[in-house]
Amino acid sequence: MKISVELTLTPLQDDFEPVIIHFIKKLRNSGLKVLENPLSTQVYGDYDVVMQLLTQEIKEAFELIERGLLYMKIVKSDRHNYEPYF
């Protein structure tokens, strides 16, 4: 089953950029399709592969911050080719 996941990592601390950059670089190096924009990062692929990666990388990101939030949306389909029709 293919999924699309949108992630927004928000450390609640000063000096937050290094943690976000590290998190995104780890996702990029996964071999999965990863797209980024200023507000979120999207990861696309097989459910089991994506969720295994996210479990590992979210845990590592949380270990690197004192406090933070992670917003995650999951869509059951691979939407990486989506283009608005309007």
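Notes on the structure follow.

Reading guide: rules and limits
Residues numbered from 1 in each chain as written. Predicted model: local features only at pLDDT ≥ 70, side-chain atom pairs only at ≥ 80, totals over all residues. Heavy atoms only, no water. Salt bridge = Lys/Arg side-chain N within 4 Å of Asp/Glu carboxyl O. Helix = DSSP H or I, 4+ residues; strand = E, 2+ residues; numbered from the N terminus. Buried < 20%, exposed > 50% of the residue type's maximum accessible area, 1.4 Å probe, protein only. Pairing = 2+ DSSP bridges. Axes fitted to C-alpha atoms, helices over the stretch in contact; angles between N-to-C directions. Contact = heavy atoms within 4.5 Å.

With that settled, the discussion passes to the pattern of salt bridges. Counting across every chain of the model gives five salt bridges. Close ionic contact of Glu 57 with Lys 26 constitutes a salt bridge, the shortest N to O distance being 3.6 Å. Separated by 31 residues along the polypeptide, Glu 57 in helix H2 (residues 47-63) and Lys 26 in helix H1 (residues 17-28) bring together distant segments of the chain. Residue class for Glu 57 comes out buried when judged on its relative accessible area of 4%. Linked through salt bridges whose partners overlap, the residues forming this network are Lys 26, Glu 57 and Glu 60.

Here four strands make up an open sheet; going across it, the order is S2-S3-S1-S4 and the pairing antiparallel. The outermost strands of the open sheet, each flanked by one partner alone, are strand S2 (33-36) and strand S4 (68-75). Within this sheet the neighbouring strands show an average axis-to-axis angle of 20°, counted without direction. Where strand S1 (residues 2-11) meets S4, eight bridges bridge the pair, whose relative direction is antiparallel. Along S4, the bridge assignment pairs Ser 4 with Val 75. Strands S1, S2, strand S3 (41-46) and S4 of the sheet are contacted by H1, whose axis makes an angle of about 160° with S1.

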